[in-house]
Amino acid sequence: MPMGKEVKRLVVYIALFIGLVILLYQSHIDDYPNTSAEGKAVLSLSEQKNTNVLSNILNSVNKFLRSPLDFGLKSPAEPLALVNINLCQSLSSGNTYTLTADISSSGDCFTINGLNNVIIDGNGFTITSTGNALALTGHATGITLKNAIVNAGTGVLVSGGPFSSCSSASAENIMIQNNNFINGGIEINNGVSTACNFAVKDNKFQNGGVMLANYGFNTLTNATVVNNYISNGLTVSHFSNSLIRDNIVYKSSSSGMVGVFNGGSDDNHRLPGVKIINNSFIVRNSLDTVQDRIFELRSLDLSVFDSNYIENSNTAPVGRIITVLVFSLNNSNFTNNIIKMSQLNGPSNQQGALKLRTTTKNNYFFNNTIIALETAGSDAYEGSGSNICCDSNGNLDPNQPCFAPPPNCTPPQCAVAPYDQQCYNHDNVFDSNTFIANNIAVHPYGDGYNILFKNNILIGNPAIEIQSCPGIFTFYNNIFDGGNGNAFRVSNNCGDSIVRNNIFYTAGVVPISVGTASFSGDYNLFFPAFSSGQPNSISGQDPQFINPTANPIFDSNYNLLRNYRLQSTSPAKDTGDPTTQVPIDKDGNVRP
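Note that the structure is a prediction, hence the values are computed from the model and not measured.

A.B. asks: What is the right way to read the overall build of the chain from this model?
C.D. replies: Scanning the chain from terminus to terminus reveals three helices and 56 strands. A burial count over the chain gives 51% of its 592 residues as buried. Residue pairs in contact within the chain that sit at least 24 positions apart in sequence constitute 61% of those at least 6 positions apart.

What follows is the structure, given as structure tokens:
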């Protein structure tokens, strides 16, 4: 007979008490002042062996109870029965339903309204439906669909609402696992529904996408999308603390974006704790003439974007002009990613493989490879100002964003002061990245202030151009290869550029073009010669890179084939600022 909850609690409390007694008895070695050093060593070993006593007892109790420990938290009950089925139907009780044959319906196949604890095991059979294979509504909770072949208008549809909390969401604690969706994907319906704790694992979507988009500003928790193949895009919107990992997401020819991860349009509706790790997002030969990007991160906070591959390739005369748009990303890590833009016959208004926009601030961009190889001339990285308004601290208007830049960004377009200033990106760090472009490698364009570049390699024509930026940009220990253009160019009323311990290198053009903009620093090397007025800088001497002209520039895994390490006879060897603020080089070695 199953053990009741109250008995379970009593067993757990007794175990806790015993564990605490043991821990108290074997702790505090220094409570034995007369114990010898050898004795204290023995006591230390004894204490070390028993520090996990409480954890071990709890694990044993948990194994004995064979169910999650219940400290007043809601946990699903076991399904009531095992039921074999061979027909589509509206399910009315919490059971484990196992298919025994292929089934079909001219409308929805399975509908679940407000039930708890339902498992549908496809058992390798096919669910065919002109409507939804599985429709969830009315706060359906603890629902699993697994091991099915799905051929439907929509694979899984969540509808009903809107509901603003997990306890009243259209669906909660949902698992979609190990299914093959021949047609149809997953959708939270029509911008009016919500879900909470929604997991999509180990599925294949051959002709359908996954859209987990909670209604409006109803931000709920925990979307998990792991180890899927998705043929028509992935959207995760208004889910905090989500995990997106090990997926392959693909689009070819069709319109729309391959990846969208966003919160709201202001700082009151940001998404914390989103982790997007080790995925591939690929668009090839898109004919889309409407959408300007293939991938978007919007209004995320305290998030991780790591080890992803994003490709935007096209041979048609149309296509997307941005690969990854980052819009108001704050306090996050953007690391170890490869972003490639290769539209050989694309539109002429290319903007960037990576574009940062609108109060993207306090982020760390580390060890990314950003590539833009277009005949139309895209930048590898472009940072731009905003067409909405902020206050003087860079915070977005929480009520009514203004969609016009100053001087028009004033009431009545904006709600009220103090949101009467243009938004900027600021306080971002770019460390140990590689930027490669046929056009400008790095192009801050109206891109704000307090931006630090260190240990980066920039390869372009020019390597960098800074335009219309109001604040300070700082450059430490970077390599600027301007090819046939300038290595470093500043224009249009920018703020101060602080340069220190950099190498500026071109194929013969004057390496620096800054006009009347401020360009200050020291301990740099300029080749060819440039009169910098910097007392400890080197001008006109070849830095003697090992191989700065390798072609192709990178191999099939996007590892850089050009070698910008210094030969032993390089004039730049050991001539940098000894008080550098960058003690670790791009290879991870400590600088002398």
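A.B. asks: Where do I start with the pattern of salt bridges in this structure?
C.D. replies: Oppositely charged side chains can form a pair if their charged atoms are brought close together. One pass over the structure, following the stated rule, counts ten salt bridges. K454 is the salt-bridge partner of D431, the closest N and O atoms lying 4.0 Å from each other. Note that D431 is positioned in strand 40 (residues 429-431) and K454 in strand 43 (residues 451-454), a separation of 23 residues in sequence. Classification of D431 as buried rests on a relative accessible area of 7%. A salt bridge links R565 to D587, with the nearest nitrogen and oxygen atoms 3.1 Å apart. Of the two residues, R565 sits in strand 56 (residues 563-566) while D587 sits in the segment after strand 56, which places them 22 residues apart along the sequence. For R565, a relative accessible area of 45% corresponds to the partly exposed category. A relative accessible area of 45% places D587 in the partly exposed class.

A.B. asks: Just checking my understanding: could you explain the packing of aromatic side chains for this structure?
C.D. replies: The way to describe two aromatic rings as a pair is by their centre distance and the angle between their planes. Counted under the stated rule, the structure contains 31 aromatic pairs. A ring pair is formed by F430 and F453, whose centres lie 4.7 Å apart and whose planes are at 10°; its orientation type is stacked. With F430 in strand 40 and F453 in strand 43, this pair connects stretches of sequence that are 23 residues apart. Summarising the burial analysis for this pair, F430 and F453 share the class buried. Across the ring face of F327, the terminal group of R298 is positioned such that the distance to the ring centre comes to 4.0 Å.

A.B. asks: I keep staring at the environment of S520 and nothing clicks. Help me out?
C.D. replies: Checked against the element boundaries, S520 lands in strand 52 (residues 519-522). In this structure the C-alpha to C-alpha distance between S520 and S497, which are 23 residues apart in sequence, comes to 6.3 Å. Other than its neighbours up to four places away in sequence, S520 contacts D496, S497, I498, V499 and Q534.

A.B. asks: Would you explain the environment of G394 in this entry?
C.D. replies: Considering the arrangement of structural elements, one finds G394 in the loop between strand 38 (389-390) and strand 39 (421-422). According to the relative accessible area criterion, G394 is buried, its value standing at 7%.

A.B. asks: Is there a simple way to think about the side chain of T154 in this case?
C.D. replies: Note that T154 resides in strand 9 (residues 149-158). Each residue touching T154, except ones within four places of it in the same chain, is listed here: G131, N132, A133, G184, G185 and E187.

A.B. asks: What is the right way to read the state of the cysteines from this model?
C.D. replies: Disulfide: a covalent bond formed between the sulfur atoms of two cysteine residues. All told, the structure shown has two disulfides when counted by the stated rule. Note on cysteine connectivity: C88 is disulfide-linked to C109, with sulfurs 2.1 Å apart. Across the S-S bond of C88 and C109 the torsion is about -90°, and the bridge reads as left-handed. Highlighted residues: C88 in the loop between strand 1 (82-85) and strand 2 (89-90) and C109 in the loop between strand 4 (103-105) and strand 5 (110-113), separated in sequence by 21 residues. For C109, a relative accessible area of 2% corresponds to the buried category. Bridging C166 to C196, the disulfide has an S-S length of 1.8 Å. One quick way to see it: the torsion about the S-S bond of C166 and C196 is about 50°, and its sign makes the bridge right-handed. Of this pair, C166 sits in the loop between strand 9 and strand 10 (171-177) while C196 sits in strand 13 (residues 195-201), and the two are 30 residues apart along the sequence. Owing to a relative accessible area of 21%, C166 belongs among the partly exposed residues under this scheme.

A.B. asks: Which parts of the structure should I look at to understand unusual backbone geometry?
C.D. replies: Across the chain, the bulk of peptide bonds are trans and the bulk of non-glycine residues have phi less than zero. Cis geometry is adopted by the peptide bond preceding P462, which originates at N461 and carries an omega value of 5°. Take P462: it is sitting in the loop between strand 44 (457-459) and strand 45 (465-467). Following F527, the chain continues into P528 via a peptide bond in cis, with omega recorded as 0°. Phi is positive for N197, which is not a glycine, with a value near 55°. Tracing the sequence through the fold places N197 in strand 13. The backbone phi angle of H238 is positive, close to 60°, even though this residue is not glycine. Looking at the secondary structure, you find H238 in the loop between strand 19 (234-237) and strand 20 (239-240).

A.B. asks: Please clarify how the environment of D542 should be interpreted in this entry.
C.D. replies: Tracing the backbone through its elements, the reader meets D542 in the loop between strand 54 (538-539) and strand 55 (545-547). For D542, a relative accessible area of 37% corresponds to the partly exposed category. Note: C-alpha distance between D542 and P571 (29 residues apart in sequence) is 7.6 Å.

Criteria and thresholds
Residues numbered from 1 in each chain as written. Predicted model: local features only at pLDDT ≥ 70, side-chain atom pairs only at ≥ 80, totals over all residues. Heavy atoms only, no water. Helix = DSSP H or I, 4+ residues; strand = E, 2+ residues; numbered from the N terminus. Buried < 20%, exposed > 50% of the residue type's maximum accessible area, 1.4 Å probe, protein only. Contact = heavy atoms within 4.5 Å. Salt bridge = Lys/Arg side-chain N within 4 Å of Asp/Glu carboxyl O. Phe/Tyr/Trp six-rings, centres within 6.5 Å; stacked < 30°, edge-to-face > 60°. Lys NZ or Arg CZ within 6 Å of the ring centre and 35° of its normal. Disulfide = S-S within 2.5 Å.

Scope: geometric values only; no functional claims are made or implied.
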